[in-house]
Amino acid sequence: MIYPLLKRHKIFGFSLKPNVEIDSNKQINPSSAFKHYLRKDIVKFQSDSVGFLKPINEYKNSVGTFLFFGGSTTFGSKIDQQDSWVEFALKKQDGNKIFNYKNYSVPGYCSNNDLALIKELKKNSKLKNKILFLNHGWNEEFHSSVNRNNPQNIDQVCNEIEEHFIYRKSSLFTFLLSNFKFLRKIIKYFFDLRFKKLMNFSNPSRWKNLSEGKYVDFWISNLNKIFKNLDNVNFPIFIMEGGLCYHSDKEKDKQNIINNSRVSENYFDYQALCIAINNITINTISELFNIPVINFYKIFQNMESKERLKYFFDEVHCNIEGNHLCGEEFKKQIKYLNFKEIKKVKKFDIDKLNYTLKNRLNHLFELAKIKSLKLKNTDNFEIKDIPKDRNPTW
């Protein structure tokens, strides 16, 4: 078995292995998302009978239920479940606002996985009177970039091998990798080479793809479908992620991050543009359709780089301290939300949204286009410009 902690699912691609309760079992060799960033052994977590995280805390006298959707940053990649910001925020609740919760996030999930999952939850009447927290952006960009030469794959939900090993839809390679163990190292070698060129932050074609805004189109299309599947008693709330790299950083802060993390200059610039695009996209949707936002973006943006580096183990994922900080911020911001006033998105005017986003994001897409042209005449991709943890993860 390539991924012992993941299970294939015919509807939403893959999930966690059901009924898992792990308390640091070193005999399992986990993929990178399940390997603790400090201890280097397997992270501690528990899954339910379906294949999603089982909440650590449950409350009898709750006033509602939160459902969380997202990828590795909401799941709590490389840390124990108890240290994730979701669990940290919702433990030891008291007062008259106590909520139960369910975290449907899985490392690698993006909005097309969540669309398939939400459809299934609705079909089984598990969305009624639920408050949905949607955390998207990072994996939409990755999914769009890795499929830019195969655009027919962009809307398809991938299984665990397609998502984490070959980064493309292929029933043939899924079959070969699942059934012929001796082929895995050979196949990995060639997909490693493909990945290192395709996803390198020095590759002008990746910057060109970013400049065309394709991942935002993919994201908005999925959100439109998600909102159409929500009932009158469902309320969406956005999570706005923080990150290590910001477009607004002063040059000294940028250089400090480059010198003290795995990012290079091209890597930094790309991630900074993406987080700015995500920020504007979420704020615009919030403004046009009156959807609340839980904002982690600002707490990290307002830090000096030296302080910000203390909260991340890479440019996207928070460490234990970062997750606890986000958990505290979630508790603060959730207190000010009046859930009785939050309304369902009655009409998601996608044409109006696309027009507004085009005007607001155009200057960022132009920066990506300029960068693409600057890199066009070089074939010397820097090794540091490759996101190593996203290479075929077996």
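Residues numbered from 1 in each chain as written. Predicted model: local features only at pLDDT ≥ 70, side-chain atom pairs only at ≥ 80, totals over all residues. Heavy atoms only, no water.

Enquirer: So what's going on with the overall build of the chain? Which residues, and what values?
Expert: What the chain contains, in helices and strands, is 15 helices and nine strands. In summary, the chain has a C-alpha radius of gyration of 20 Å against a globular reference of 21 Å for 394 residues, a match within 12%. Seen through its C-alpha atoms, the chain measures out along the principal axes to roughly 60 × 50 × 40 Å. Put simply, the chain has 394 residues, and 61% of those count as buried. By element, 49% of the accessible surface of the chain is carried by carbon and sulfur atoms, the whole surface being about 18300 Å². Once the 63 positive and 43 negative side-chain charges of the chain are each reduced to a mean point, those two points are 4 Å apart. (Helix = DSSP H or I, 4+ residues; strand = E, 2+ residues; numbered from the N terminus. Rg over C-alpha atoms; globule rule 2.2 N^0.38 Å. Buried < 20%, exposed > 50% of the residue type's maximum accessible area, 1.4 Å probe, protein only. Areas by Shrake-Rupley, 256 points an atom, 1.4 Å probe, with all protein chains shown as cover. Lys, Arg positive; Asp, Glu negative; His and termini not counted. Charge placed at Lys NZ, Arg CZ, Asp CG, Glu CD.)

Enquirer: Tell me what's going on with the sheet that holds strand β5 (residues 64–69), and back it up with residues and numbers.
Expert: Pairing in this open sheet of five strands is parallel, and the strands run β6-β5-β7-β8-β9 from one edge to the other. Both outer strands of the open sheet, β6 (99–103) and β9 (293–295), are each paired with one neighbouring strand and no more. The sheet shows a mean angle of 25 degrees between the axes of neighbouring strands, direction not considered. The sheet contact formed by strand β7 (residues 130–134) and strand β8 (residues 235–240) spans four bridges and is parallel. Bridging from a neighbouring strand, I131 pairs with F235 of β8. (Pairing = 2+ DSSP bridges. Axes fitted to C-alpha atoms, helices over the stretch in contact; angles between N-to-C directions.)

Enquirer: Go over the pairing of β6, please, and point to the residues and values.
Expert: In regular strands, side chains alternate between the two faces of the sheet. In terms of burial, β6 is a largely internal element, five of the five residues being buried. Side chains F99, Y101 and N103 project from β6 onto one buried face, and the interleaved N100 and K102 project onto a second face that is buried too.

Enquirer: Let's hear about the nonpolar core: which residues, and what values?
Expert: Ranked by size, the top nonpolar core spans 108 residues in total, and within it F66, F133 and F330 carry the most contacts. The element contributing the most residues to this core is helix α11 (residues 265–289), with twelve residues. Listed in part, the seven residues of the second largest apolar core include V146, Y167, F195 and L198. (Core = buried A, V, L, I, M, F, W, Y, C linked by side-chain atoms within 4.5 Å.)

Enquirer: Just give me the short version of a positive patch on the surface, but keep the residues and values in it.
Expert: A contiguous patch of positive charge on the surface is contributed by K119, K225, K228 and K347. By the element assignment, K119 lies in helix α3 (residues 111–123). (Patch = residues over 30% accessible without salt bridge, like charges linked within 9 Å, V, L, I, M, F, W, Y side chains within 5 Å. Salt bridge = Lys/Arg side-chain N within 4 Å of Asp/Glu carboxyl O.)

Enquirer: How would you explain helix α4 (residues 138–146) if you had to name every residue and give the values?
Expert: Taking burial as the measure, the nine residues of α4 include nine buried ones, the bulk of the element. By the burial criterion, the buried members of α4 are W138, N139, E140, E141, F142, H143, S144, S145 and V146. On the buried face of α4, the contacting elements are α3, α5 (160–166), α7 (184–198), α8 (204–211), α9 (214–228) and α11. (Contact = heavy atoms within 4.5 Å.)

Enquirer: Break down the side chain of K78 for me, citing the residues and quoting the values.
Expert: Relative to the elements of secondary structure, K78 occurs in the loop between α1 (72–75) and α2 (85–90). When neighbours within four sequence positions are excluded, K78 is seen to be in contact with S32, A33, K35, H36, Y37, V43 and F313.

Enquirer: For the side chain of T73, give the residues involved together with the corresponding values.
Expert: For T73, the position within the fold is in helix α1. Since its relative accessible area comes to 16%, T73 is described here as buried. A distance of 2.3 Å separates polar atoms of two side chains, one belonging to T73 and the other to E241. (Polar contact = N/O pair within 3.5 Å; in protein donor to acceptor, adjacent residues only side chain to side chain.)

Enquirer: Describe the environment of G71, and please don't skip the residues or the numbers.
Expert: Relative to the assigned elements, G71 resides in the loop between β5 and α1. G71 gets classed as buried once you look at its relative accessible area, which sits at 6%. Distance from G71 to P107, taken between C-alpha atoms, is 4.6 Å for residues 36 residues apart in sequence. Leaving out residues up to four positions away in the same chain, G71 has contacts with S105, V106, P107, Y109, N135 and N139.

Enquirer: Would you mind going over the environment of K197 in detail, with residue names and values included?
Expert: Within the secondary structure, K197 is located in helix α7. Its relative accessible area of 56% is what places K197 among the exposed residues. A C-alpha to C-alpha distance of 8.4 Å links K197 and I386, two positions 189 residues apart in sequence.

Enquirer: Please provide a residue-by-residue account of the packing of aromatic side chains, values included.
Expert: Considering all chains together, one arrives at 32 aromatic pairs under this definition. Plain terms: the ring middles of F14 and Y109 are 5.3 Å apart, the flat faces sit at 75 degrees to each other, and that makes the pair edge-to-face. One end of the pair, F14, is in strand β2 (residues 13–16); the other, Y109, is in the loop between β6 and α3, with 95 residues separating them in the sequence. Assigned by exposure class, F14 and Y109 land together as buried. Through a chain of ring-to-ring contacts, three or more aromatic side chains come together here, namely F66, F68, W85, F99, F133, F296 and F330. The ring of Y104 carries the charged tip of K102 above its face, separated from the ring centre by 5.9 Å. Here the basic side chain of R206 rests over the ring of Y270, its NZ or CZ set 4.7 Å away from the ring centre. (Phe/Tyr/Trp six-rings, centres within 6.5 Å; stacked < 30°, edge-to-face > 60°. Lys NZ or Arg CZ within 6 Å of the ring centre and 35° of its normal.)

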